[in-house]
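A closer look at the structure
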Amino acid sequence: MPSKLADAFRSHPVDIQPKNLHDLKELPDSYQWSADQDRPEPEPAHHEPVPVIDLSDPNALEEIGHACTTWGVFQVVNHGVPAAVLDRMEDVAKSFFSLPAHQKLKAARSPDGISGYGLARISSFFPKLMWSEGFTMVGSPLEHFHTIWPHHYTRFCDSVEEYDKQMQNLAQTLMWLMLGSLGITKEDLNWANNNSNSTTTNPRAAIQLNHYPACPDPDRAMGLAPHTDSTLVTILHQSNTSGLQVLRAGGGTAGWVTVPPIRGGLVVHIGDLLHILSNGLCPSVVHRAVVNRDRNRISIAYLHGPPSNVRISPVQKLVGPSQPQMYRAVTWTEYLGTKAKHFDKALSSVRLCAAAEAKDHNNNNNNNGVQVG
Ligand SMILES: C=C1C[C@]23C[C@@]1(O)CC[C@H]2[C@@]12CCC[C@@](C)(C(=O)O1)[C@H]2[C@@H]3C(=O)O
Ligand SMILES: O=C(O)CCC(=O)C(=O)O
Ligand SMILES: [Fe+2]
């Protein structure tokens, strides 16, 4: 990985080693979130469900366009990724998280590291701890897997490699469908036509395994605090336990909406960079994970971004006198650095002031005005 990108992926230096959450019979004070810290509260009784789109449906493009410009999130079925590939990857996550704590800590993310085991990296922005543990992979997990599974690491590495390949294909397909629904083609993005195999022109990705153990007091705990992803698009596989919630902005139906797991289905989140690319037309969705009293939950996020040398800025076709350019150009590297420093203020920190004022005046339902923590 080029060193500049590697720098931007590095976690916050304040990394506290996670406790073994399984062993706790009561929720320690350090894990008790108060209501003003975005603690889970009941869902509004009546709300529209997050759209589920069948990619083999002739209306899929239109439905994607609607989901992208209203929700910033949808689920896909008939997406072409074999169920066995999802199952094998879930098995990697389950095998990893069920290891004893001292084994998992052999793969701990170092304080200035990118890949490895640890607390949610956004933890440093919150006064309370999250009821979860994670394992991040940027590039091959071989070194970590070899350390923890000296006899089985190849099987686990193969499952990750296969997952990575399938997800990269699906992420590209979805991105072109999303942009296509806005009338954007490859010709409108000069970087997208580059077929070179160089590491600086290939799309970049991270795979994040999340584990949310059963929790003795789920109503006071938080699995993963509200955030947006920095990506172009994130594809999330969740095990058969619910926990993902997305923030539906606007009007009487505003509130947190649960995204129920669908067997074989995948959740697609719009990330901050696609929000920028679409000149704010597609909102990057604020989401969080809540926890369960009796059930463990696993989720696997495929965080898809642009090649490291590409500057992402609003597509010119979406800029005009009535739609001023909302954001300045940023590379993913630069944006990850901004996110690591400013977290939920990262998007507004790359917003162009005059355009933002005009837009905010017309649209005060923008998810990214949400304050968390
Ligand atoms: C590429 C990346 C995106 C990410 C930071 C990271 O370097 C690797 C983990 C990613 C993740 C997953 C959980 C939520 C999130 C906000 C976080 O803290 O780590 C995202 C980061 C992101 O999208 O900004
Ligand atoms: O566990 C979930 O459902 C959400 C995970 C997530 O948002 C992430 O890994 O970025
Ligand atoms: Fe996320």
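Residues numbered from 1 in each chain as written. Chains lettered and ligands numbered in written order. Predicted model: local features only at pLDDT ≥ 70, side-chain atom pairs only at ≥ 80, totals over all residues. Heavy atoms only, no water.

Named according to an unreviewed UniProt entry, the protein is gibberellin 3beta-dioxygenase originating from Linum tenue. Quoted straight from UniProt, the Sequence similarities (unreviewed entry) entry for the protein says "Belongs to the iron/ascorbate-dependent oxidoreductase family. GA3OX subfamily." What UniProt states about the protein under its Cofactor (unreviewed entry) heading is, verbatim, "L-ascorbate". (UniProt positions renumbered as here; feature names shortened; annotations may be inferred.)

1. Quick notes on the side chain of K128
When you line up the elements, K128 lands in the loop between β3 (116-118) and β4 (133-137). Looking at K128, the relative accessible area reads 17%, which means it is buried. A polar side-chain atom of K128 sits 3.0 Å from the main-chain carbonyl oxygen of D29. (Helix = DSSP H or I, 4+ residues; strand = E, 2+ residues; numbered from the N terminus. Buried < 20%, exposed > 50% of the residue type's maximum accessible area, 1.4 Å probe, protein only. Polar contact = N/O pair within 3.5 Å; in protein donor to acceptor, adjacent residues only side chain to side chain.)

2. Quick look at unusual backbone geometry
A positive phi angle, near 50°, is found at N78, a position not held by glycine. Assignment of secondary structure puts N78 in the loop between β2 (73-77) and α3 (83-97). Here the phi dihedral of F343 falls at roughly 45°; this positive angle occurs in a residue that is not glycine. As for its placement among the helices and strands, F343 is situated in the loop between α8 (332-342) and α9 (346-349). Taking the relative accessible area as the measure of exposure, F343 reaches 5% and is therefore buried.

3. Points about the coordination of the iron ion (ligand 3)
At 2.1 to 2.3 Å from the iron ion (ligand 3) lie its protein donor atoms, namely H227 (NE2), D229 (OD) and H287 (NE2). Sequence positions of the donors to the iron ion (ligand 3) reduce to the motif H-x1-D-x57-H. You can see H227 sitting in strand β6 (residues 224-227) and its partner H287 sitting in strand β11 (residues 287-289), a full 60 residues away along the chain. The burial state of H227 is the same as that of H287; both residues are buried. (Donors = N, O, S within 2.8 Å, 3.2 Å for Na, K, Ca; no water.)

4. Quick look at the site of ligand 2
Taken together, 13 residues lie near ligand 2, and N210, Y212, H287, R297 and S299 sit nearest. Between ligand 2 and the protein, one listed contact pairs an oxygen atom with a side-chain N or O atom of N210 at 2.9 Å. Note that an oxygen atom of ligand 2 is positioned 2.6 Å from one of the side-chain N or O atoms of Y212. Burial of ligand 2 by the protein chains amounts to 96% of its free accessible area of 290 Å². For the shell around ligand 2, the secondary structure elements donating two or more residues are β5 (204-212), β6, β11 and β12 (297-305). The class makeup of the residues in the shell around ligand 2 is six nonpolar, five polar and two charged. (Near = heavy atom within 4 Å. Areas by Shrake-Rupley, 256 points an atom, 1.4 Å probe, with all protein chains shown as cover. Nonpolar A, V, L, I, M, F, W, Y, C, P; charged D, E, K, R; others polar.)

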